[in-house]
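# Survey of secondary and tertiary structure
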Amino acid sequence: MTASTSTLRFTFLGTGTSLGVPMVACSCAVCTSGDPHDQRLRSSLLVQSPNTTLAIDVGPDFRQQMLRHRVACLDAVVMTHEHRDHLGGLDEIRAFNFMNAKKIPFYTDALVEQAIRNSFSYIFDNDYPGIPQITLHRISKKHAFTVGDITLQPIEVMHHQLPVLGFRIGDFTYITDANYIEDEEIDKIKGTEILVLNALRHQPHISHFTLEQAIDIAQRIGARQTYFTHISHQLGRHADINAALPPHIALAYDGLTVEL
């Protein structure tokens, strides 16, 4: 896949699992850590070119993430899947409607589109001026699509029995909420320079890669650098886990920025 000649900037808005880190009511060593790397909002990514800004997923922490990174203009949202920790902040799009005076395009597969229509039916059922203003654009794993000057190649992974989309953007690949990737989809990833992959915890999980499984996938793909995201407090302290990882593999953290 040919990368754009323009610089792309990728900012990790959140790197936590659905409960976030620290988790409510938990007093474990990770949740009480004073290291800011152990404070993880729900997983999301900001992608910026010289002319385009898009977010991958709009979870419950979306408002906080936009304020933290002083995002003043948003051109589109690209969705991985419909689970609440990735979709729950959709209503916060209203601020961009007001300030940018435009509807926000949402790029989704059929399952996410149906979830939006079900969970946010008020967007489509009336013309009240305070509702989020969005336009829905259908995507699938078969075809790349372009938002402004950013081209994305969908990559289908499995989250237990739910198909989820990851995305290759030039030489950067972002995958979250996966526990299986077919060989055909692995082939789309090979050759990428930066790989982002979910690594939930050490213990087996029905719908997420464990740390050990994520390491195996990362080594199979062989990116120049791999970052793990969608991290649970059960994985352990950032500094301890990071120090034990193989070369060219590291834990991502909220606010990490990568340029290509």
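Up top is the structure.
Residues numbered from 1 in each chain as written. Predicted model: local features only at pLDDT ≥ 70, side-chain atom pairs only at ≥ 80, totals over all residues. Heavy atoms only, no water.

Once that is clear, we can look at the sheet that holds strand β4 (residues 76-78). Taken together, seven strands build an open sheet; the order of strands is β6-β5-β4-β3-β2-β1-β14 and the sheet is mixed. Every interior strand has two partners, whereas the edge strands, β6 (134-138) and β14 (257-259), have only one. Sheet twist, expressed as the mean angle between neighbouring strand axes with direction ignored, is 20°. Two strands pair when backbone bridges link them, and strand β1 (residues 9-14) and strand β2 (residues 44-48) are joined in this way by five bridges, in the antiparallel orientation. Bridging from a neighbouring strand, F10 pairs with V47 of β2. (Pairing = 2+ DSSP bridges. Helix = DSSP H or I, 4+ residues; strand = E, 2+ residues; numbered from the N terminus. Axes fitted to C-alpha atoms, helices over the stretch in contact; angles between N-to-C directions.)

The next point concerns the pairing of strand β8 (residues 150-159). The buried fraction of β8 amounts to seven of the 10 residues, a majority that puts the element mostly inside the structure. Inspection of the sheet shows strand β7 (residues 145-147) paired to β8 by three bridges, in the antiparallel sense. Residue pairing in the sheet places V147 in a bridge with I150 of β8. Joining the antiparallel neighbours β7 and β8 is a turn of two residues, in which G148 adopts a positive phi near 60°. In the sheet, β8 pairs with strand β9 (residues 162-169) via seven bridges, with the strands oriented antiparallel. Bridged to P154 within β9 is F167. Linking two consecutive strands that pair antiparallel, namely β8 and β9, is a turn of two residues; a positive phi of about 60° is found at H160 within it. (Buried < 20%, exposed > 50% of the residue type's maximum accessible area, 1.4 Å probe, protein only.)

Turning our eyes to something else, we now look at the sheet that holds strand β13 (residues 249-251). Here we have seven strands laid out as an open sheet, ordered β7-β8-β9-β10-β11-β12-β13, and mixed in their pairing. Two strands close off the open sheet at either side, each with one partner strand: β7 and β13. If you compare each strand with its neighbour and ignore which way they point, the axes differ by 30° on average. Contacting β11 (194-198), β12 (225-229) and β13, helix α7 (residues 211-221) runs over the sheet at an angle of about 155° to β11. (Contact = heavy atoms within 4.5 Å.)

The next point concerns the packing of aromatic side chains. In total, this model carries six aromatic pairs according to the counting rule given. Seen from their ring centres, F12 and Y227 are 6.1 Å apart, and the 65° between their planes marks the pair as edge-to-face. Taken together, the positions of F12 in strand β1 and Y227 in strand β12 put the pair 215 residues apart, joining distant regions of the chain. Of the residues examined, Y227 reaches a relative accessible area of 15% and is grouped as buried. Look at F145 and F167: their rings are 6.2 Å apart centre to centre, the planes differ by 85°, and that puts the pair in the edge-to-face class. Highlighted residues: F145 in strand β7 and F167 in strand β9, separated in sequence by 22 residues. Judged by its relative accessible area of 0%, F167 falls in the buried class. Aromatic ring contacts, followed pair by pair, group Y107, F145 and F167 into a single cluster. (Phe/Tyr/Trp six-rings, centres within 6.5 Å; stacked < 30°, edge-to-face > 60°.)

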